[in-house]
Amino acid sequence: MRRNRPDRHAFGLATITWLYVLWSLVPVLVAMRISFNSGKSRSAFQSPSWRWYFTDPAQSVWHDDTLVQPLKNTLKLAALSMLFATPIGVAMAIGLQRWRGRLSKASNALMLFPLVTPEIVMGVALFLVFTQVYTGVPRGFTTQLLGHITLSISYVVVIVRGRLAAIGPQYEEAARDLGANRLQAMRLVLLPLLGPAIFASVMVVFAGSIDDFVISQFLSTGASSETVPMKIYSGGRATATPALNALATIMLVITLVVVGSAALVMHRMRARQGGGEDAQLGNLAVVGQPANTRIASGGR
Amino acid sequence: VANAAGAAPGGHRNGFWGVLSLPGVAWLMALFVVPFYAVAAVAFGRVDPILRTADPVWSPLSWNFSAMGNVLDRVFDPNDLGAVVIRTLAYVGSALALCCLVGYPVAYYVARHASRWRGVLLAALVLPFWISYLMRMLAWVNLLQVDGYFNRLLGWMHLGGSRNWLDGDWPTVVIGLAYGYIPFFILPLYAALERLDKRLIEAGRDLGASPARVFQRVTLPLSVPGLMAASVITVLPMFGDYYTNSFLTSGSPRTEMLGNQIEFYLRGTSQPQTGASLVLILSAMLLVLMTYYLVVTVRAQRAVAT
């Protein structure tokens, strides 16, 4: 009966929540709109145009190499990070989940540390190690890639481990009983079951790499290894044109398309596996939450 | 039983699983542990007398702590780096307070009240994670220009509207930090509140407590662990932030934080030793928070495994 009374404070809470949603998203929408400005102003919208995307012969994203280069660098870094961090992370997740002993505990702690280390500490550490110790590694793109992979591995491990704990050993045991050897059981049974989690971690690596600013900046050697966040940072403080907004908008659209289609594919995979457990919410949570907030909220 | 859930099928060959985690472990040793050791080796090392470049010392036996001593003196000197440390603490503290003030009601509402709109609201809470942090800051740089929409809004409400907000004002930085990191605060808190045992709250109501009292005596105490985890995960990156304040104030020295000093000494000048010492001091400051977070995480892992 109490429940039927619409709580007055729930109305207040709803107001705060919707105001928060507006506060968090409207500025970005305004920035996107400014990217379609016909004039040079980045504070006031005049009339719509594609000027800063293609039509301006010198300053549009399409024609300005100092904007295209960061876009290429960012996408290359993200793609290669996914390619390297995912297999290393998946293997490490399976290993750590089952390996028993003192060394395994230490390895587990080692794996968790990058998640809580402020990026500036990691950025400085990598900067110093590449200038003082691993001096043979070509500075710039290569060191940035190594840094992004280091940052990403732990996210993959945490996401995949969460799924491993949920699957349990039964399926593999069944496969072994039916005559599969360990590797076959892993390849034919475990990896397909891990599919959605692997997919989710690939997306998190992608987003993490694209968004990374600190490590990219500390390991960059100048214009040739500039990334989109670095470009936004250096351009936004100086006198920039709306082309900078156009660049940011392009990046955002790419991210949303990639993540959106990934969420769709994952939904299909889950549906085919028939593991209807919290499918809708699970997708959102897995794709949506970077691993550190996932473990902050209790590991699953 | 504790072993059963995660244990290896046919688990007596433990070594196999160790080998499987080896690439990851080796990677993190080479590119996480060694680099961190390099920071110490530079901080406690020597400086080339002519080139003024860092000359790291690898053996802890011959470490020299005088440079660190100097930096520590400066950190405790309120006319020197002490001011920066206090400012950093004040900014991070205020931004965290803002996160709690705005984030708790939002997380609470979405977790416990929003029924019809829950999916939409969840998507809205998740969306900022997929928008580049610096794009979100760029959006504010656009809005806060002297002739920008924010000033026009103020002018329309007859509240002034000609101020340059990007000129090194601390409120801009604090609100900017809160804006940047609040998604990291809300989502874990939401997950924690969503798992709260409803029966305890209902019991409170059934025993005659008013909603306010139930909140104060039941809900709030139960959400402390979630609040702690959310706060730690928000505060850790904020302490190392140097780009939000610099981006929102065009690099004004009046809003410099510890991260700016670290960046300055490492990238701006040739005093990597001072920068490395500051990184160690920052890490020491944050060690308690990091440890807390790791312990909570390992416990959660174990809870899932059993």
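Model, not experiment: these values are computed from the prediction.

## A few points about the nonpolar core
By size, the foremost hydrophobic cluster in this structure holds 182 residues, and its most contacted members are Ile94(A), Ile120(A) and Val124(A). Beyond its immediate sequence surroundings of up to four residues, Ile120(A) is in contact with Val214(A), Phe218(A), Gly240(B), Tyr242(B), Gly259(B), Ile262(B) and Leu282(B).

## With respect to the interface of chain B and chain A
By a frequent convention, interface size equals the accessible area lost on bringing the separate parts together. On the side of chain A, 109 residues touch chain B, which itself brings 113 residues to the contact. In total, about 10,000 Å² of surface goes out of reach between chain B and chain A, with carbon and sulfur atoms giving 73% of it. Among the residues chain B hides against chain A, the three largest losses belong to Trp27(B), Trp130(B) and Met135(B). Together they make up 8% of the total. Remark: the boundary between chain B and chain A carries 0 salt bridges. On the surface where chain B and chain A come into contact, there are 8 residue pairs in polar contact (both at pLDDT 80 or more). The dominant element in the side of chain B that touches chain A, judged by the number of residues it contributes, is helix H1 (residues 14-43) of chain B, at 22 residues. Residue composition of the side of chain B that touches chain A, by class: 83 nonpolar, 20 polar and 10 charged.

## Side note on the packing of helix H3 (residues 81-112) of chain B against helix H7 (residues 170-194) of chain B
Residues and elements named next belong to chain B. Between H3 and H7, the shortest axis-to-axis distance is 6 Å and the interhelical angle comes to 35°. Considering only the axes of H3 and H7, their crossing is right-handed. Here the contact of H3 with H7 is built from residues that sort into 25 nonpolar, 2 polar and 2 charged.

## Considerations on the confidence of the model for chain B
All names here are of chain B. Across chain B, the average pLDDT comes to 86, with 95% of residues at 70 or higher. When mean pLDDT is compared element by element in chain B, H3 scores highest at 93, while strand S2 (residues 54-55) scores lowest at 80. Long-range and interchain partners of residues 1-12, a stretch whose pLDDT sits below 50, account for 23 contacts in this model, where long-range means more than four residues apart. Across the assembled chains, the prediction reports ipTM 0.88 with pTM 0.87.

## Let's talk about the pattern of salt bridges
Residues and elements named next belong to chain B. Here the structure, examined in full by the defined rule, presents 6 salt bridges over all chains. Glu263 is paired through a salt bridge with Arg267; the nearest N and O atoms lie 3.2 Å apart. Residue Glu263 and its partner Arg267 are located together in helix H12 (residues 258-268), separated by 4 residues, close to a single helical turn. What makes Glu263 buried here is its relative accessible area of 16%.

## Focus on the environment of Leu252(A)
Looking at the element boundaries, Leu252(A) is found in helix H11 (residues 243-273). Along the sequence, Leu252(A) and Val228(A) sit 24 residues apart, while their C-alpha atoms lie 11 Å from each other.

## Thoughts on the environment of Ala165(A)
Residue and element names in this part refer to chain A. Position of Ala165 among the secondary structure elements: in helix H6 (residues 141-167). Its relative accessible area of 15% is what places Ala165 among the buried residues. Taking the C-alpha atoms as reference points, Ala165 and Ile94, separated by 71 residues in sequence, lie 9.9 Å from one another.

## Comments concerning the environment of Leu220(B)
As for its position among the elements, Leu220(B) is in helix H9 (residues 211-222). Those residues in contact with Leu220(B) that sit more than four places away from it in its chain are Tyr104(B) and Phe215(B).

Cut-off values and rules
- Residues numbered from 1 in each chain as written.
- Chains lettered and ligands numbered in written order.
- Predicted model: local features only at pLDDT ≥ 70, side-chain atom pairs only at ≥ 80, totals over all residues.
- Heavy atoms only, no water.
- Core = buried A, V, L, I, M, F, W, Y, C linked by side-chain atoms within 4.5 Å.
- Buried < 20%, exposed > 50% of the residue type's maximum accessible area, 1.4 Å probe, protein only.
- Contact = heavy atoms within 4.5 Å.
- Buried area = accessible area lost by both parts, 1.4 Å probe.
- Salt bridge = Lys/Arg side-chain N within 4 Å of Asp/Glu carboxyl O.
- Polar contact = N/O pair within 3.5 Å; in protein donor to acceptor, adjacent residues only side chain to side chain.
- Helix = DSSP H or I, 4+ residues; strand = E, 2+ residues; numbered from the N terminus.
- Nonpolar A, V, L, I, M, F, W, Y, C, P; charged D, E, K, R; others polar.
- Axes fitted to C-alpha atoms, helices over the stretch in contact; angles between N-to-C directions.
- Left-handed = near helix turned anticlockwise from the far one by under 90°.
- pLDDT = per-residue confidence, 0-100.

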